[in-house]
Amino acid sequence: MNTVTVKNVTIGSGSPKIIVPLVGKNESELIEEAKHLLTIDCDLVEWRVDFFDQVTNFEATAEMSKKIAEILSDKPILFTFRTKQEGGELAFTDEQYFGLYKTVIEHGAIDLLDVELFMDDTFVQETIKRAHEKAIKIVMCNHDFDQTPTKEEIVSRLCMMQEKNADICKIAVMPQSSNDVLTLLEATNEMKTKHADRPIVTMSMGQLGMVSRMCGEVFGSAMTFGVAKKASAPGQVPVAELRKILKTLAL
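Quick notes on the rules
- Residues numbered from 1 in each chain as written.
- Predicted model: local features only at pLDDT ≥ 70, side-chain atom pairs only at ≥ 80, totals over all residues.
- Heavy atoms only, no water.
- Helix = DSSP H or I, 4+ residues; strand = E, 2+ residues; numbered from the N terminus.
- Expected span 1.5 Å × (residues − 1).
- Buried < 20%, exposed > 50% of the residue type's maximum accessible area, 1.4 Å probe, protein only.
- Contact = heavy atoms within 4.5 Å.
- 1 Å grid on protein atoms, 1.4 Å probe; cavity = no way out; pocket = protein on both sides within 12 Å on 5 of 7 lines; lining within 4 Å.
- Points joined across faces, edges and corners; volume = space filled by probe spheres on them.
- Lys, Arg positive; Asp, Glu negative; His and termini not counted.
- Salt bridge = Lys/Arg side-chain N within 4 Å of Asp/Glu carboxyl O.
- Polar contact = N/O pair within 3.5 Å; in protein donor to acceptor, adjacent residues only side chain to side chain.
- Arc of directions from axis to C-beta.

S.K.: Explanation requested: helix α2 (residues 58–71) in the structure shown.
M.R.: Residues separated by three or four positions in an α-helix point in the same direction, a consequence of the helix having 3.6 residues per turn. Compared with an ideal rise of 1.5 Å per residue, which puts 14 residues at 20 Å, α2 spans 20 Å between its outermost C-alpha atoms and is within 8% of the ideal. Along α2, the residues that are buried comprise Ala 60, Thr 61, Ala 62, Met 64, Ser 65, Ile 68, Ala 69 and Ile 71. The secondary structure elements touched by the buried residues of α2 are β3 (17–22), α1 (27–37), β4 (44–48), β5 (77–80) and α3 (94–107).

As structure tokens, this is what we get:
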């Protein structure tokens, strides 16, 4: 399997890399939160820009990304606008979503870009091309906050992300039973052993699925999300505890 290296972080080998969300609503909150993350033992930071109150001003958002990158100079920044239909804070049209991404690719300071799987493919491919020209890696993702699809469907979606030229393929699903958590883990293991030629990231959300955030090294998930102050999705574990668990479970 190919790995992905951003700054000094190599994704796809060793223990899963810990990502912490940045969810401040305005510039002062984001700067305070970014400075706090300097004290946190995480590997990457995800800026959930759909929480940002100026996100409709694309140039202001690009400028804010530079300020965040300056503070967190050693940590890779994953830039994410999570759409409303996939659990985000704000409804954006496709034109707004890809317009924001174009501006931030060209004028911002980011290392990785989150792109949702089920978006217009022409826009997606244009965005991936632009990002790759700037050496920005693509994390393609899909979220199901209602259920856990079948193992075959999970594997199919991850394979689709590879075909669309994502650098990292990510899926998050909601379990309704312990069997659903097993389905996610089985799909992860099958993807890793039979199909994946690049890092994959999988998680079963909520309290029931929390175990999936800790055992990625065993089943094949290359990153996991931890909490510094405020969670960005249900079931995220505090970073300090998560790091200890990952070390205990390291192969």
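So much for the structure itself; the text now carries on.
S.K.: Looking at this structure, I do not really get the layout of surface pockets. What am I missing?
M.R.: With a probe scaled to a water molecule rolled over the atoms, the places where space remains empty come into view. Approximately 180 Å³ is the volume found for the largest pocket. As for the largest pocket, its lining consists of 15 residues, of which Gly 12, Gly 14, Glu 217, Gly 220 and Ser 221 are closest to the centre.

S.K.: Please clarify how the side chain of Glu 217 should be interpreted in this entry.
M.R.: Looking at where Glu 217 falls in the secondary structure, it is placed in helix α7 (residues 216–219). Notably, Glu 217 is buried but unbridged: the nearest opposite-charge side chain belongs to Lys 17, and the N-O separation is 8.1 Å. Among the polar contacts listed, one links the side chain of Glu 217 to the backbone nitrogen of Leu 251, at a separation of 3.3 Å. The contacts of Glu 217, once residues within four sequence positions are left out, are Gly 14, Ser 15, Pro 16, Leu 249, Ala 250 and Leu 251.

S.K.: Which parts of the structure should I look at to understand the environment of Cys 159?
M.R.: Here Cys 159 lies in helix α5 (residues 151–163). Owing to a relative accessible area of 17%, Cys 159 belongs among the buried residues under this scheme. Cys 159 sits 32 residues away from Met 191 along the chain, and the two C-alpha atoms are 8.0 Å apart. With sequence-adjacent residues up to four places away left out, Cys 159 is seen in contact with Met 191 and His 195.

S.K.: Mind showing me how you'd approach α1 here?
M.R.: Along α1, the residues classified as buried are Leu 30, Glu 33, Ala 34 and Leu 37. Down the axis of α1, the buried side of the element spans an arc of 100°, and every buried residue falls inside it. Turned more than 90 degrees away from the buried face of α1 sit Ser 28 and Glu 32, all of them exposed. Where α1 is buried, its residues meet β3, β4 and α2.

S.K.: How do you make sense of the environment of Phe 145 when you look at a structure like this?
M.R.: Residue position: Phe 145 is located in the loop between β7 (137–144) and α5. Assessed through its relative accessible area of 31%, Phe 145 is described here as partly exposed. Distance in space between the C-alpha atoms of Phe 145 and Val 173 is 6.0 Å, their sequence separation being 28 residues.

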